[in-house]
Amino acid sequence: MNGRSLLTQGLKYGFVALLDAAALWAVIALLFRGDYILLAVLGIGTLLLNFVILSRRAYPLRFLLPGLVFLFAMVVYPIGYTVNVSLTNLQTGNLLTKAQVIAQLEGRYYLPPQPETFTFWAFRNAQGKLALILTASDGRTFLSQGNELVPVDLSDPRFVRGEDGTVTSFDGYTRLTLPEVYQSLGALEALDLRLGEEHVRLTSVREFGTFLRKYQYLPDQDAVLDLETNVTYYAKEGYFTSPDGVRIEPGFQIYVGFRNYLDVLTNPGIRADFTRVFGWTLAWSFLSVFFSFAVGLGFAYLLNDPYVRGRFVYRSLLIIPYAMPAFISALVWAGMFNTDLGVINRVLGDLFGVKVRWLQDPMWARTALIFINVWLTYPYMMIVSLGALQSISQELFEAARVDGATSWQRFWRITMPLLWVSVAPLLIGSFAFTFNNFTIIWLVTAGRPAVLGAATPAGATDILISWTYRLAFEGERGNQLGLASAVSIIIFIIIAVISAVNFRFTRALEDVSRSV
Amino acid sequence: MYSRPSRIGLIVRHALIWIGVIYALFPILWILSASFNPTNNLLEQKLIPANPTLEHYRRLFTDPTIPFPKWVLNTVIVSGTTAVITVFLCALGAYAFSRFRFRGRRAGLLALLLVQMFPQMLAMVAIYLLLIKIKEFVPWLGYNTHPGLIMVYLGGAMGFNTWFMKGYFDTIPRSVEESALVDGATPFQAFLRIVLPLARPILAVVLIIQFITTYSEYVLASILLKGTEMYTLAVGLRFFIQQAYDRRWGVFSAAAILGALLILAIFLPLQKLIISGLTGGAVKE
């Protein structure tokens, strides 16, 4: 073994050793936190990495692993996670785990009907620490410098008294004036002082009072007992619920099985929204692809004509919409279609005296969207068709001409069928892409105009993916992450079906073209 | 397929093409004009500005309330990093799939094909929750960070590009590396010194397409970035012009022109290469 390979070997083992040391440290840290899922991921990841670096058999994996890590972490795992979330009730109001909710509830207190009250003076020292002197209604006095209330004798000489006989400073603490007390209200409210079993907290600007613990978790009944009213709240459908149906907010996450999917398919309100959005998504994809293909093919046919001069320049000009970043085009078009200010309405107004409510009226908004998307995608169709046209053998046309076919017949009988073979899979691919083209919808109309009386935030131009986005991130009823994930999975199933059809279709077409 | 057209037929053809050219270019000319127009109001704009001015462009770079340079910088950093790392990682993976024969190779290729069918943004809720979780442990890689966003984009870029590059590597004959392997080079050295230089065209295609795709990505960036200082151009421009077409049209147009110019400057000279990638990848199989 020569020196160089010894060095690389040394580096290799050194690297593995460092990596394992770091992983071990993280494993121990996670063990204490009790985060077992992450622990498992980390453990398996480290073992895999060791195997890949040390084993000769895993040599190909050394090339694959770096990419696979990202693919797994950011695509495969999120897919699994989406399925998981789609089976939960995760939404605003049910974002916390049950343990978190219990911890939160057990930290709540109530003011009993006859609390003991204390007047207080607040003090602060040079380091900014707060201290309190509390006087109970029976005249007992307490000092608090931390969380404990300690009985104290104010006649002690360390308490310096002012002209009115009250304590103004002690041990480096000086008394806060009333405006200063107001400024420190936040800090005072956060104080949770203990007097034996009781909690003493701020009740008003001038008083502290004794509080009692409000809730206690009963593990054997899986319920929360309200110590104030003596009502037991049982864990039910993501909330602690009393026998007569009163819920404690916040709720917690639970698995709800296929309820989100069933809601989409059977809940009348949600189903109505889903059907409408799905219908428009299909129309949007189909019409976009149809018109952009028609326009693109038209230009391709013109540009393929050897008798037309300047074809290269024309092609470069016609391709420009495709080279524009789509988000910029979408925003520009949204401005041009603006009902009150846009150039399109200005031209229509000058020519015909009409004012189309482009982005307010559902039908016109949809028309505008399709128009814009055709502008964005016809160059792709043009390029694709141009390539396909150029690959068609000229001899077929010569033969047809000899047989006396008109140019119309030649186009529909020869060009189109041959073109179709190579273009159809791309059209289906384009359909699948348009189906999920969130950017255009979102930047032009953001799904608006709103639909009155919709059960979910689904606008008239929302497609499935933008509906998902709204459910998840901007619903008026908060974030319905569980439902949104279920819709994501439904979209995925639709896309998978389209792709499967495409796959079959491609094969079928290849067979067809082979037998031509 | 074509017969020699009559004189009128030829004129009709050119006229049709010119209608198309006007259709294609009108929006671009319109914002070009708006960007030089002194008014900021959409309504007062004319196609040929009366008193052309560079005021809107100047404001983009001097007005501290419009963090346009920051947005461009963010976008270029995110897209550039994503594109470079994508090329390297996918080339590695593609090389393994193309050259090595190992257990699970066929299954791996099939899995790759299936996974890349799944549009990554469908998992946006999960990715959002995941990055919030990551932020707890590794703050610089989590929610609302550029490295976090890059990591998400990398995941989405792996499937298709690895598959795409593998197809190209398959066309490079094995014999070119074999002599190097006989001379004692490791497969990694052969990959780095011999195959990568030969694969330069495909590397360029993937680099450029990935850069352009990432540059224009909106959904994930809008979910994962918060605060104007962090925005990419797509998120920033939307935020800037939303509900403000009557007040910011001029400045927005200038920003749109500059933002598009960067991509046009890459796309137009290299269009042959890019188009071969965009359409070839799909029709290849």
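Reading guide: rules and limits
- Residues numbered from 1 in each chain as written.
- Chains lettered and ligands numbered in written order.
- Predicted model: local features only at pLDDT ≥ 70, side-chain atom pairs only at ≥ 80, totals over all residues.
- Heavy atoms only, no water.
- Contact = heavy atoms within 4.5 Å.
- Buried area = accessible area lost by both parts, 1.4 Å probe.
- Salt bridge = Lys/Arg side-chain N within 4 Å of Asp/Glu carboxyl O.
- Pairing = 2+ DSSP bridges.
- Helix = DSSP H or I, 4+ residues; strand = E, 2+ residues; numbered from the N terminus.
- Axes fitted to C-alpha atoms, helices over the stretch in contact; angles between N-to-C directions.
- 1 Å grid on protein atoms, 1.4 Å probe; cavity = no way out; pocket = protein on both sides within 12 Å on 5 of 7 lines; lining within 4 Å.
- Points joined across faces, edges and corners; volume = space filled by probe spheres on them.
- Nonpolar A, V, L, I, M, F, W, Y, C, P; charged D, E, K, R; others polar.
- Domains from an automatic or database assignment.
- Buried < 20%, exposed > 50% of the residue type's maximum accessible area, 1.4 Å probe, protein only.
- Expected span 1.5 Å × (residues − 1).
- Arc of directions from axis to C-beta.
- Phe/Tyr/Trp six-rings, centres within 6.5 Å; stacked < 30°, edge-to-face > 60°.
- Lys NZ or Arg CZ within 6 Å of the ring centre and 35° of its normal.
- Parallel < 35°, antiparallel > 145°, perpendicular 65-115°, else oblique.
- Left-handed = near helix turned anticlockwise from the far one by under 90°.
- Core = buried A, V, L, I, M, F, W, Y, C linked by side-chain atoms within 4.5 Å.

### Let's talk about the interface of chain B and chain A
Contacts between the two partners involve 95 residues from chain B, matched on the other side by 99 residues from chain A. Of the roughly 8,500 Å² buried at the junction of chain B and chain A (both faces included), carbon and sulfur atoms supply 78%. The tally of links from chain B across to chain A stands at one salt bridge. Between B:Arg13 and A:Asp305 there is a salt bridge; the shortest N-O distance is 2.7 Å.

### Remarks on the sheet that holds strand 16 (residues 247-248) of chain A
Residue and element names in this part refer to chain A. On the basis of which strands lie adjacent, the open sheet formed by five strands has the order 12-13-14-15-16 and antiparallel pairing. Of all the strands in the sheet, just strand 12 (215-218) and strand 16 have a single pairing partner and so form its edges. Across the sheet, helix 4 (residues 98-106) is in contact with strand 12, strand 13 (223-226), strand 14 (232-236), strand 15 (239-241) and strand 16; its angle to strand 12 comes to roughly 145 degrees.

### A closer look at empty space enclosed by the protein
If you walk through the whole model with that rule in mind, you get three cavities of 30 Å³ or more. Lining the largest cavity are A:Phe63, A:Leu64, A:Gly67, A:Leu68, A:Leu71, B:Leu89, B:Cys90, B:Gly93, B:Phe97, B:Leu112, B:Met158 and B:Thr162. The element that contributes the greatest number of residues to the lining of the largest cavity is helix 3 (residues 59-86) of chain A, accounting for five residues. Of the voids in this model, the second largest cavity is the one considered here, and its volume is about 40 Å³. What lines the second largest cavity is simply B:Thr75, B:Val78, B:Ser79, B:Tyr153, B:Thr214, B:Tyr215, B:Glu217, B:Ala221 and B:Thr232. Among the elements of the structure, helix 3 (68-99) and helix 9 (200-216) of chain B are those that each provide at least two residues to the lining of the second largest cavity. The residue inventory of the lining of the second largest cavity, partitioned by class, reads four nonpolar, four polar and one charged.

### As for the domain arrangement of chain B
A common way to state how big an interface is: give the accessible area lost once the parts meet. According to the domain assignment, chain B consists of domain 1 (7-60) and domain 2 (67-242). Each of domain 1 of chain B and domain 2 of chain B was reduced to a C-alpha centroid, and the two centroids are 36 Å apart.

### Some details on the pattern of salt bridges
All names here are of chain A. Scanning the model with the defined rule gives 17 salt bridges over all chains in all. Of the charged contacts, one joins Arg213 and Glu106 as a salt bridge, the two residues approaching to 3.6 Å between their closest N and O atoms. You can see Arg213 sitting in strand 11 (residues 207-213) and its partner Glu106 sitting in helix 4, a full 107 residues away along the chain. In this structure Arg213 comes out as partly exposed when scored by relative accessible area, which is 34%. Between Arg201 and Asp192 there is a salt bridge, with the nearest N and O atoms lying 3.8 Å from each other. Classification of Arg201 by relative accessible area gives partly exposed; the value is 22%. Look at the salt bridges and you will find they share partners, linking Glu116, Asp138 and Arg140 into a network.

### Examining helix 2 (residues 36-54) of chain A
Residues and elements named next belong to chain A. Between the first and last C-alpha of helix 2 there are 27 Å, a value that for 19 residues agrees with the 27 Å anticipated at 1.5 Å per step. Turning to helix 2, its buried residues number three or more, namely Leu39, Thr46, Asn50, Val52 and Ile53. Along the long axis of helix 2, the arc covered by the buried residues comes to 165 degrees, so they all point the same way. Exposed positions of helix 2 whose direction lies more than 90 degrees from the buried face are Tyr36, Ile37, Val41, Ile44 and Leu47.

### A look at the packing of aromatic side chains
Residue and element names in this part refer to chain A. In total, this model carries 57 aromatic pairs over all chains according to the counting rule given. Residues Trp358 and Trp364 carry aromatic rings whose centres are separated by 5.3 Å and whose planes lie at 75 degrees to one another, so their mutual orientation is edge-to-face. The class of Trp364 is partly exposed, set by a relative accessible area of 38%. Just above the ring of Tyr110 sits the side chain of Lys214; from NZ or CZ to the centre is 6.0 Å. The residue whose ring lies beneath Arg366 is Trp280, and the NZ or CZ to ring-centre distance is 5.3 Å.

### Let's talk about the packing of helix 1 (residues 7-36) of chain B against helix 12 (residues 249-267) of chain B
All names here are of chain B. Interaxial distance between helix 1 and helix 12 falls to 7 Å at its minimum, and their mutual angle equals 120 degrees. Compared by their axis directions, helix 1 and helix 12 come out oblique. Handedness of the crossing formed by helix 1 with helix 12: left-handed. Two secondary-structure elements touch here, helix 1 through Ile28, Trp30, Ile31, Leu32, Ala34 and Ser35 and helix 12 through Trp249, Gly250, Ser253, Ala254, Ala256 and Ile257. Taken together, the residues of the contact of helix 1 with helix 12 sort by class into nine nonpolar, three polar and no charged.

### A few points about the domain arrangement of chain A
Residues and elements named next belong to chain A. Split by domain assignment, chain A resolves into domain 1 (3-86), domain 2 (98-104 + 215-248), domain 3 (109-213) and domain 4 (263-515). Each of domain 1 and domain 4 has a C-alpha centre, and these two points are 42 Å apart. Contacts between domain 1 and domain 4 engage four residues on the former and six residues on the latter. In this assembly, domain 1 packs against domain 4 so that about 370 Å² is buried in total across both faces, 83% of it on carbon and sulfur atoms. Taken as a group, Thr82, Val85 and Ser86 account for 81% of the area that domain 1 buries against domain 4, more than any other trio of residues on that side. Summed over the shared surface of domain 1 and domain 4, the number is zero salt bridges.

### Notes on the nonpolar core
Residues A:Leu318, A:Leu464, A:Trp467, B:Met165, B:Phe169 and B:Phe252 are the most contacted members of the largest nonpolar core, which totals 197 residues. With 16 residues, helix 13 (residues 362-390) of chain A is the single largest residue contributor to this core. Apart from the residues lying within four places of it in its own chain, the contact partners of B:Phe252 are A:Leu331, A:Val332, B:Leu237, B:Phe240 and B:Ile241. A:Ala122, A:Leu130, A:Leu193 and A:Phe208 belong to the second-largest nonpolar core, a separate cluster that totals 18 residues.

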